[in-house]
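# Reading the structure
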Amino acid sequence: EDGIRAQPRSRGLGDVYKRQMPSACWLGEGQAHFAGLAVGSDSLEEYLQLREMQVKGHPVEGFNDYSADAILNFYSDTDCLPGKSPEYALGYTIGYLTVEALSAIGGPTSSMGLNTRAALYGVGEVKEKEFNQIFQHVYGISWNEAMPILAKVVADTVASLTYK
C-alpha cells in the first residue's frame, strides 16, 4: 500500500492528529525534532550546537551512507513504521534536517501545512498522488520533484556536520 491508516500521536507541543503519509518517517519525527530544537534554543549558536548533537547523536545500525542517493531511497520508503522498521530512527536526523530545510523555504509552520492539507482528504489514506498534490500546494513543487533536491541539501548538511 502507498498509504498508512491515520493514528493519533502525542508530542510535547500538544496532541496532533497525524495522518501518516508516504514518507511518514521523515515527516513525523522531523517535525517533532525541528520544533523541539528550534523552540528549545535561546540563540542561533545554541541551536547550531543542538543541531550537530542531534545529527551525530542518533546513529542507525546498518545505515552509514548519508549520500543523496541513500537519502532519496529513505524518502521513498513507505513501510517505515515506528517499532517495525529500523529506518524509522532516521527521522531523528534525515527527517529533522528535511523539515529544517522545508522550514527555511516555506516558513516554520509549513510542514504542518502538509498535515492540514491531508486532513482535507478525510479519514483514510493519503497515497503518493495525493501527497504530491498536497506538497505542491504547500511548497509550489511536487514531492517527487523536491525529493532529489532535498536529498542533496540534507546530504551536504550531514557531511558538513560530520566531517568538520
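Above this text is the structure in question.
Everything in this summary refers to the structure shown in the same document. (Residues numbered from 1 in each chain as written. Predicted model: local features only at pLDDT ≥ 70, side-chain atom pairs only at ≥ 80, totals over all residues. Heavy atoms only, no water.)

### A short note on the overall build of the protein
Per the secondary structure count, the protein includes 7 helices and 2 strands. Counting helices and strands in the order they occur from the N terminus, the protein gives β-β-α-α-α-α-α-α-α. Considering the protein as a whole, with its 164 residues, one finds that 44% of them fall into the buried category. Of the contacts made within the protein by residues no fewer than 6 positions apart, 65% connect residues no fewer than 24 positions apart. (Helix = DSSP H or I, 4+ residues; strand = E, 2+ residues; numbered from the N terminus. Buried < 20%, exposed > 50% of the residue type's maximum accessible area, 1.4 Å probe, protein only. Contact = heavy atoms within 4.5 Å.)

### Here's the deal with the environment of phenylalanine 34
Following the sequence through the fold, phenylalanine 34 ends up in helix α1 (residues 24-39). With near-sequence residues (within four places) excluded, phenylalanine 34 lies in contact with Tyr47, Tyr96, Val99, Glu100, Ser103 and Pro108.

### Re the nonpolar core
By size, the foremost hydrophobic cluster in this structure holds 38 residues, and its most contacted members are Trp26, Tyr75, Phe135 and Trp143. Only α1, α2 (44-56), α3 (68-75), α4 (94-106), α5 (110-119), α6 (128-139) and α7 (143-162) provide two or more residues apiece to this core. Per-element tally for this core: the top contributor is α7, with 9 residues. Excluding residues that lie within four positions of it along the chain, phenylalanine 135 makes contacts with Leu102, Leu114, Gly140, Ile141, Ser142, Trp143, Ala146 and Leu150. (Core = buried A, V, L, I, M, F, W, Y, C linked by side-chain atoms within 4.5 Å.)

### Thoughts on the pattern of salt bridges
Tallied over the full model, the rule gives 3 salt bridges. The partner of lysine 56 in a salt bridge is glutamate 52, and the shortest N-O contact between them spans 2.6 Å. Within this pair, lysine 56 and its partner glutamate 52 are both found in helix α2, separated by 4 residues, close to a single helical turn. Residue classification places lysine 56 among the partly exposed residues on the basis of a relative accessible area of 44%. Aspartate 156 is the salt-bridge partner of lysine 152, the closest N and O atoms lying 3.0 Å from each other. Of this pair, lysine 152 and aspartate 156 both sit in helix α7, 4 residues apart, roughly one helical turn. For lysine 152, a relative accessible area of 45% translates into the label partly exposed. (Salt bridge = Lys/Arg side-chain N within 4 Å of Asp/Glu carboxyl O.)

All we've got here are geometric facts, nothing functional implied.
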